[in-house]
Amino acid sequence: MKKFKIITFMILIFLIIAGCGEEETETEGYILKVEEERVLLAENISFKEYTEMKDLSVDKLTSLEPVPNLIYLSYNKTGDFKKGDKVSVTILGNELTSLPAHAKASKIKKFE
């Protein structure tokens, strides 16, 4: 009986630890703005769509119909990127649902 309790307890601890990990999701898009430790990404757009919105302010972007999927990504190495780069992004954890959305990127990679 004591072994059963110990095994049950260990399984419960394992499930709790496994459930606490942050999920990662993948996306891609074009960088519209580069700031210190964050970039503004327009998700899943074509190059033609990028050229039509690249010079618009955030206020103008959020008033477009339909509103593009915009997300500010916190990232430490923003100096590696410039406006117009097409990138793939690994997002760590959940996005904050605002307009634009906010999230933390664990990895950003330029397409060649």
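What counts, and where the lines are drawn
- Residues numbered from 1 in each chain as written.
- Predicted model: local features only at pLDDT ≥ 70, side-chain atom pairs only at ≥ 80, totals over all residues.
- Heavy atoms only, no water.
- Core = buried A, V, L, I, M, F, W, Y, C linked by side-chain atoms within 4.5 Å.
- Buried < 20%, exposed > 50% of the residue type's maximum accessible area, 1.4 Å probe, protein only.
- Helix = DSSP H or I, 4+ residues; strand = E, 2+ residues; numbered from the N terminus.
- Contact = heavy atoms within 4.5 Å.
- Phe/Tyr/Trp six-rings, centres within 6.5 Å; stacked < 30°, edge-to-face > 60°.
- Lys NZ or Arg CZ within 6 Å of the ring centre and 35° of its normal.
- Pairing = 2+ DSSP bridges.
- pLDDT = per-residue confidence, 0-100.

Caption draft 1: Quick peek at the nonpolar core. Leu41, Ile71, Leu73, Val87, Val89 and Ile108 are the most contacted members of the largest nonpolar core, which has 14 residues in total. Of all the secondary-structure elements, those providing two or more residues to this core are strand 2 (38-43), strand 3 (70-74), strand 4 (86-96) and strand 5 (101-110). Broken down by element, this core gets its largest block of residues, 4 residues, from strand 5. If we skip the residues at most four places from it in the chain, Val87 touches Thr27, Glu28, Gly29, Ile31, Leu41, Phe81, Ile108, Lys109, Lys110 and Phe111. Judged by nonpolar contacts, the second largest core, of 10 residues, contains Ala42, Ile45, Tyr50 and Leu70.

Caption draft 2: Representation of the packing of aromatic side chains. For the coordinates displayed, the defined rule picks out 4 aromatic pairs. Here Phe47 and Tyr50 contribute two aromatic rings whose centre-to-centre distance is 6.1 Å and whose plane-to-plane angle is 35°, an arrangement assigned as tilted. One end of the pair is Phe47 and the other is Tyr50, both in helix 2 (residues 47-53) and 3 residues apart, which spans about a single turn. Within the aromatic cluster, the residues linked to one another by ring pairs are Tyr30, Phe47 and Tyr50. Positioned above the aromatic ring of Tyr72 is the side chain of Arg38, whose terminal nitrogen or guanidinium carbon lies 3.7 Å from the ring centre. For the cation-ring pair, Lys86 lies above Phe111, with the distance from its terminal atom to the ring centre recorded as 5.3 Å.

Caption draft 3: Expanded view of the pairing of strand 1 (residues 24-35). For strand 1 and strand 2, the ladder comprises 6 bridges, and the chain directions are antiparallel. By the bridge assignment, Ile31 is partnered in strand 2 with Leu41. The turn linking strand 1 back onto strand 2 is made up of 2 residues, and Glu37 within it adopts a positive phi angle of 65°.

Caption draft 4: Quick peek at the pairing of strand 2. Within strand 2, 5 of the 6 residues are buried, which leaves it mostly tucked inside the rest of the structure. Where strand 2 and strand 3 come together, 5 bridges link them in antiparallel fashion. Counted as the bridge partner of Leu40 is Tyr72 from strand 3.

Caption draft 5: The confidence of the model for the chain, seen in detail. Here the chain averages 84 in pLDDT, while 79% of its residues score no lower than 70. When mean pLDDT is taken per element in the chain, strand 2 scores highest with 95 and helix 1 (residues 2-19) scores lowest with 59.

Caption draft 6: A look at the environment of Gly93. Structurally, Gly93 is set in strand 4. With a relative accessible area of 13%, Gly93 lands in the buried category. Sequence-wise, Gly93 and Glu23 are 70 residues apart; in three dimensions their C-alpha atoms are separated by 5.0 Å.

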